[in-house]
Amino acid sequence: MFILEKRPTPSRFWMAATPVLAVILTMIAGGLMFAILGKDPFEAIRTIFWDPLFDPQFASYSRPQLLVKAGPLILIAIGLSLGFRAGIWNIGAEGQYIMGAIFGAAAGLAFYPSENRLIFPLMVAAGAFGGWVWAMIPAILRTRFRTNEILVSLLLVYVAQSLLASMALGALRSPEGGGFPGSRNLSQWATSANPELIGGTGMHWGVVAAFIAVIASYILLQRHILGFQIRLAGEAPRAARFAGVNPNRLVVLCMGISGALAGLAGLFEVTGPAGQISIDFNSGYGFTAIIVAFLGRLNPIGILLAGLLMALTYIGGELAQFMLGLPSAAIQAFQGMLLFFLLAVDMLGNYRIRLGFGRAA
Amino acid sequence: MDLTAINPAVLIASLMVAAVPIMLAATGELVVEKAGVLNLGVEGMMIMGAVYGLAIAVEAESPVVGFVAAAAGGAALSLIFAFLTQVLLANQVATGLALTLFGLGLSSLIGQGYVGIKPPPTPRLDFGPLTDIPVLGTILFRHDPVVYLSVLIIAAVWALLKFTRAGLILRAVGENHDAAHALGYKVQRIRLLAILFGGAMAGLGGAYISLVRVPQWTDGITAGAGWIALAIVVFASWKPWRILLGAYLFGGITVLQLNLQAAGARIPVEYLSMSPYLITILVLVIMSADRGRAALNAPAALGRNFHASR
C-alpha cells in the first residue's frame, strides 16, 4: 500500500517539475487516444508539437500564429490566476471576453467612418469596461448576497453568447453586409484595426498587453501588499481575516481585474485576428485559459510559458487536422486531459509517497 | 402573437419532460454534495452520457440499453474525478472544471460519427384507459418511463437520506469527515460511492436529452443544463423534494420560452433563450441572500478534501 504523507512545506522541486511531468503524461495518453482513432501516435505528436515550429514548409505560417493564439490565452489566464490564488473562482472569462468584444466594437462602430486616432484607445477602454462590468455581476452578487460566483459567472457565459448572437444579427450588423449576420470588418477599417506590429511575428497590441500583464502581475504578487493579501487569503483565509484583509474588497478587485483583462483580450481579438463581431466569434479561449492558469501554476512566468504551449497545441491541432485528418475535437479532449494529469501529479508537491502497510488509525 | 395556440395541459406535460435531465443530474449531485464533495463536472458527465447513450442506443437499436450505457459512462467519467479528489487529494473545483472541459471535447470527438442519426424512439408507458382522461391524462399518463423513474429516484433518495442508517452515515461524512473517520467510517469509500451515483445520474440525464428531448446529436447539446442542475441543488437547499420543484420551475421556463418563440412573440429569440440562465441566477441570489437557510443547510464539509493524517 502507498501512504500519502503531508509535507511540512510544498516541495520546490516538484512544484516546477509537475507541469513538465503532466505534459509528458498527456503526450503518452494523447498518443494512445490518437492510436485508437487510427492515427500514428508518433506522427500525430510530432505534427502537433514539432512541425508548427520547425517544419520548413509550415513554420513560416505557424510561428506568427503562436503569438496570435497565446496573446489572449495569457492575458485572460493572468487575470484568472489572481482570483484562483485567493480562492475566488471566476470561470466565466469566456463571457467577459465576449462582452469586451461587443462593448469595444460598439464604441468604435459608433464613430464609423471617422478617422480620429483617439477611437482605438477609446475602444480599448470600452473593451476592458465591458469585461469588467460582466465580471462585476458575480462579484457584487457574491459580496452582497453571498451568491456562488462559480455558478453565476459560468451561467453568464450563456447569456453573453445569446447577446453576441443578437448583436451580430441586430444592433451591430453591418449595413453593407447584404443581410448576412456579422458586423463591419474592424480589422479593415484603419482607425479600429489592430494590425501586426512587427511583420512576420504575429505580435499585435493584444500580445503587447499580455506581456505587460505578465510583468505587472509578477510585480503585484512579489512586491505589492495587495499581492501578499491575495496569496494570504488563498492559503490561510482565517489568518488573512485577522491580518485585516477585507475579503469582499479582494473579490471585487480580483474579479474586476480578470474581467477587464478578458474584455481586453476580446477587444484585441475582434479588432485583429477575428476582424468582426459574428455569431461564432468566441472560440473557447476563456475556458482554455483556465487550463493555462493551472498549467502555469498560477505564476505569471509559468503562465507565459503555459500560454505558449497551449497555443502550440491549437496550431499543431489545426495542422494535424489538415495533414492527418485528426478531428478538431481530439485537441479539445487532449487539452482537457492535460488538466487532469496536472491535477493528478500536483499531489507530489504537497505530499510525500511512502510505502507502508495498513491504514492510518 | 397568438397565445391561444399554447395549450396549458400540453405545456405542463412538456415541462415535465423538459425538467427530467436537470432533475436527474441535480438529484445525483445532491447526494454527492451531501457526502461533502463538490463535483463541478456535472456538465461534462451529462454530455458524455448524452453521446454515449445515443451511440449505444443506435448500435444496439434499443433505448433501454442506451440509457444503461449512459449511466455507466457517466459513472466511469466520475471515477476519474473520484480518483483525483479522493486518492490524489486534488482540488475539487479545479478537477470538476477539468471534467467538464474534457467531457465537452471527448463527447464531440465520439459524437462525430453520429451527427444527424436519429436514435430509436423511447416508447411511452402504456396506462390503458387512464391516458384518455381529459387534461389529467395528457399531463400525467402520456410519458415515457424515465419521467416517472426520475420522480421515483427523488423519492428513493429522500427516503434513503432521511430514514436509513446508510443515509445517516452519508450525511455524517458530509457534515464532519473527521468525526465520521473517528467513528470508523471509510470516508473516502463512502464519498467514492456517492460520486459514482452522481455520475450515473448525470449520464442518465444527459442521455434523456439526446434520446428523448432533442433527439439527435449536436456538439454542446446539454447547453449548460449541468450548471443549472448545480444551481438547483443550491435552490433546493440540499433537500430532495425541492429539487423536483426547482426542476419543474426551470422546465417550465424553458418550455414557456420555446412556446413563446413558436407563437411569434415580439421579444427577439436571443433574449428569450437567455431567460432560463438569467432566472437561474435570480433564484440563486434570492436563495443565498436569505442568510440562515442556505448557510445552515449546506453540508459543512462541502468541497473540503479528507486526508487521514493521524
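Note that the structure is a prediction, hence the values are computed from the model and not measured. Each residue is numbered by its place in its chain's sequence as written, counting from 1. Going through the entries in the order they are written, you letter the chains from A and number the ligands from 1. Local features in this predicted model are restricted to residues of pLDDT 70 or higher, and side-chain atom pairs are both shown and tallied only at a pLDDT of 80 or more, whereas totals for entire chains, interfaces and linings draw on every residue.

1. Here's the deal with the overall build of chain A
Move 1: What chain A contains, in helices and strands, is 14 helices and 2 strands.
Move 2: This radius of gyration counts C-alpha atoms alone. The globule rule is 2.2 Å times how many residues there are, raised to the power 0.38. Radius of gyration (C-alpha) of chain A: 22 Å, near the 21 Å computed for a compact globule of 361 residues.
Move 3: Here the C-alpha coordinates of chain A stretch approximately 75 × 55 × 35 Å along the principal axes.
Move 4: Buried residues are those with 20 or more other C-beta atoms within 10 Å of their own C-beta, exposed residues have 12 or fewer, and partly exposed residues lie in between; C-beta atoms are placed from the backbone. By residue count, 53% of the 361 residues in chain A fall in the buried class.
Move 5: Nonlocal contacts in chain A, meaning residues at least 24 apart in sequence, comprise 78% of its contacts between residues at least 6 apart. Only DSSP runs of H or I reaching four residues or more are called helices, and only runs of E reaching two or more are called strands; each is numbered from the N terminus. Residues are scored as being in contact if the C-beta atoms we place from backbone atoms lie within 7 Å.

2. Concerning helix H9 (residues 225-235) of chain A
Residue and element names in this part refer to chain A.
Move 1: Inspection of H9 places Gln229, Ile230 and Ala233 among the buried residues, and these make up the whole buried set. Taken down its axis, H9 places every buried residue within 100° of arc, on the same side.
Move 2: Taken together, the buried residues of H9 touch helix H4 (59-85), helix H10 (237-242) and helix H11 (247-271). Regarding the arc, it is the one traced by the directions from the helix axis to the C-beta atoms.

3. Section: the packing of helix H2 (residues 41-49) of chain A against helix H13 (residues 300-324) of chain A
Residue and element names in this part refer to chain A.
Move 1: Here an axis means a line fitted to C-alpha atoms, over the contact stretch when the element is a helix, while the angle between two N-to-C directions is reported on a 0 to 180 degree scale. Across the interface, H2 lies against H13 with an axial gap of 7 Å and an inter-helix angle of 130°. It follows that H2 is oblique to H13 by the angle criterion. As for how H2 packs across H13, the hand of that crossing is right-handed. Each of Glu43, Ala44, Thr47, Ile48 and Phe49 in H2 lies in contact with H13, whose residues at this interface are Leu312, Thr313, Gly316, Gly317, Leu319, Ala320, Met323 and Leu324.
Move 2: A class-by-class count of the residues in the contact of H2 with H13 yields 8 nonpolar, 4 polar and 1 charged. Relative orientations are named as follows: roughly parallel for angles under 35 degrees, roughly antiparallel for angles over 145 degrees, roughly perpendicular for angles from 65 to 115 degrees, and oblique for any other angle. Handedness of each helix crossing follows the sense of rotation of the near helix against the far helix: counterclockwise by less than a right angle gives left-handed, clockwise gives right-handed. Each residue is assigned to one class: nonpolar for Ala, Val, Leu, Ile, Met, Phe, Trp, Tyr, Cys and Pro, charged for Asp, Glu, Lys and Arg, and polar for all the others, Gly among them.

4. Some points on the nonpolar core
Move 1: Here, a nonpolar core denotes buried Ala, Val, Leu, Ile, Met, Phe, Trp, Tyr and Cys residues that are linked to one another through C-beta atoms within 7 Å. Judged by nonpolar contacts, the single largest core of 222 residues is most densely connected at Ile76(A), Ile22(B) and Ile232(B).
Move 2: Among the elements that take part in this core, helix H9 (residues 187-213) of chain B stands out by supplying 16 residues, more than any other.
Move 3: Those residues within four positions of Ile76(A) in sequence are excluded, and the remaining contacts are Ala93(A), Tyr97(A), Leu261(A), Ala262(A), Ala265(A), Tyr285(A), Gly286(A) and Ala289(A).

5. Some thoughts on the confidence of the model for chain B
All names here are of chain B.
Move 1: Summary of the metric used: pLDDT quantifies the predictor's per-residue confidence within the range 0 to 100. Taken as a whole, chain B shows an average pLDDT of 85; of its residues, 95% reach a score of 70 or greater.
Move 2: Mean pLDDT per element in chain B: helix H14 (residues 291-297) is the minimum at 63, and H9 is the maximum at 91.
Move 3: Note on the complex model: pTM 0.88, ipTM 0.85.

6. A word on helix H6 (residues 145-163) of chain B
All names here are of chain B.
Move 1: The terminal C-alpha atoms of H6, which comprises 19 residues, lie 26 Å apart, in line with the 27 Å expected from a rise of 1.5 Å per residue.
Move 2: Among all positions in H6, only Val146, Val147, Ser150, Ile153, Ile154 and Val157 are buried. Summarising the axial view, the buried residues of H6 lie within an arc of 120°, below the 170-degree limit, and thus occupy one face. For H6, the exposed residues lying more than 90 degrees away from the buried face are Leu152, Ala155, Ala156, Ala159, Lys162 and Phe163.
Move 3: Residues of H6 that are buried make contact with helix H1 (8-34), H9 and helix H11 (240-262). To estimate how far a helix should extend, the number of its residues minus one is multiplied by 1.5 Å.

7. Details of the environment of Asp346(A)
Move 1: As for its placement among the helices and strands, Asp346(A) is situated in helix H14 (residues 328-350).
Move 2: Residue classification places Asp346(A) among the buried positions, given that 26 C-beta atoms sit within 10 Å.
Move 3: Between the alpha carbons of Asp346(A) and Ala17(A) there is a distance of 9.6 Å; along the sequence they are 329 residues apart.
Move 4: Residues in contact with Asp346(A), not counting those within four places in the same chain, are Thr18(A) and Ala90(B).

8. Points about the interface of chain A and chain B
Move 1: The interface is formed by 40 residues belonging to chain A together with 42 residues belonging to chain B.
Move 2: Contributing elements (two or more residues each) for the side of chain A that touches chain B: strand E1 (2-6), helix H6 (119-145), helix H7 (149-169), helix H12 (285-295) and H14 of chain A.
Move 3: Here the element with the most residues in the side of chain A that touches chain B is H14(A); it accounts for 13 residues.
Move 4: Grouping the constituent residues of the side of chain A that touches chain B by class yields 29 nonpolar, 8 polar and 3 charged.

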